[in-house]
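Understanding the architecture of this molecule
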Amino acid sequence: MKFIDIKFLLSVHKLTQLPEATLPEIAFAGRSNVGKSSLINTLVGRKSMVKVSGRPGKTQGLNFFQISEEAYLVDLPGYGFAKVSRGMQDNWQTLISSYLESRTSLCCVVVIMDLRHEAKVQDTQLISWLKQHSINYLPVYTKADKLSGNLRQKNAAILDAGHTIHSSQRILFSAKTGMGKEELERALASFAKID
Ligand SMILES: Nc1nc2c(ncn2[C@@H]2O[C@H](COP(=O)(O)OP(=O)(O)OP(=O)(O)O)[C@@H](O)[C@H]2O)c(=O)[nH]1
Ligand SMILES: [Mg+2]
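Residues numbered from 1 in each chain as written. Chains lettered and ligands numbered in written order. Predicted model: local features only at pLDDT ≥ 70, side-chain atom pairs only at ≥ 80, totals over all residues. Heavy atoms only, no water.

The name given to the protein chain in an unreviewed UniProt entry is Probable GTP-binding protein EngB, and the organism recorded there is Desulfocapsa sulfexigens. As stated in UniProt under Function (unreviewed entry), the record for the protein chain gives "Necessary for normal cell division and for the maintenance of normal septation." Of the comments in the UniProt record for the protein chain, the one headed Sequence similarities (unreviewed entry) reads "Belongs to the TRAFAC class TrmE-Era-EngA-EngB-Septin-like GTPase superfamily. EngB GTPase family." (UniProt positions renumbered as here; feature names shortened; annotations may be inferred.)

Given below as structure tokens:
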């Protein structure tokens, strides 16, 4: 799948606003500030298709992007952002989980984690929730450029163990260098069953 001819479609704040489920859909989830929007920008080869920020909590709502007539990409708001009120966090959680549970065209959730951090409880919870709901997921360890080769492998192995992920199931990625981009494109095309 070539991530060209991409356009922003809409930002969804309640389920009634969802576009018709006519195209295969790939959602991008992860903790706040982990690099979800940057990863999408790298995939689509545009520096600022999706807004990126130094401040966590930049992405609000479910942001839909359409790739030609082939697929939808959905940039999800990050979880675990302490500065957002509890009530707002609960709203997000409810919206995201009901979206993930009910979306018939959803073919994969890319679960993005920071390669430098140890396994985080919220990521473990999301992965086991996705497993329970039989939703396909693809773990991606990002910000790989921030570590040297040796540390990269060491940290990846720690995350694998923490989340019970086999090394062949996940992708090491960097939005800065483009590392892992082609591998990710191939994996997503296979989930979406398109070339
Ligand atoms: N060095 C490096 N920095 C990155 C990478 N990916 C993201 N960043 C930086 O991390 C910060 C957060 O990136 P975003 O893409 O906005 O993260 P997000 O997960 O979309 O954040 P929210 O929308 O707030 O949940 C920005 O300063 C990015 O430039 C990467 O692979 N390498
Ligand atoms: Mg974002």
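Don't stop here, the text continues.
Side note on the pattern of salt bridges
Two side chains bearing opposite charge may form a pair once their charged atoms approach each other closely. Across all of its chains, the model carries four salt bridges by this definition. For the salt bridge of Glu25 with Arg103, the shortest nitrogen-to-oxygen distance reads 2.8 Å. Residue Glu25 is located in strand E2 (residues 25–30), and its partner Arg103 is located in the loop between helix H2 (86–102) and strand E5 (106–114); the two are separated by 78 residues in the primary sequence. Taking relative accessible area as the criterion, Glu25 reaches 0% and is therefore assigned buried. Across the pair Arg116 and Asp114 runs a salt bridge, and its minimum N-O distance is 2.8 Å. (Salt bridge = Lys/Arg side-chain N within 4 Å of Asp/Glu carboxyl O. Helix = DSSP H or I, 4+ residues; strand = E, 2+ residues; numbered from the N terminus. Buried < 20%, exposed > 50% of the residue type's maximum accessible area, 1.4 Å probe, protein only.)

Here we look at the sheet that holds strand E7 (residues 171–172)
With mixed pairing, seven strands are arranged side by side in an open sheet as E1-E3-E4-E2-E5-E6-E7. Where the open sheet ends on each side, the last strands, each with one partner, are strand E1 (6–12) and E7. Sheet strands in contact with helix H1 (residues 36–44) are E1, E2, strand E4 (71–75), E5 and strand E6 (137–142), and its direction is about 140° off that of E2. (Pairing = 2+ DSSP bridges. Contact = heavy atoms within 4.5 Å. Axes fitted to C-alpha atoms, helices over the stretch in contact; angles between N-to-C directions.)

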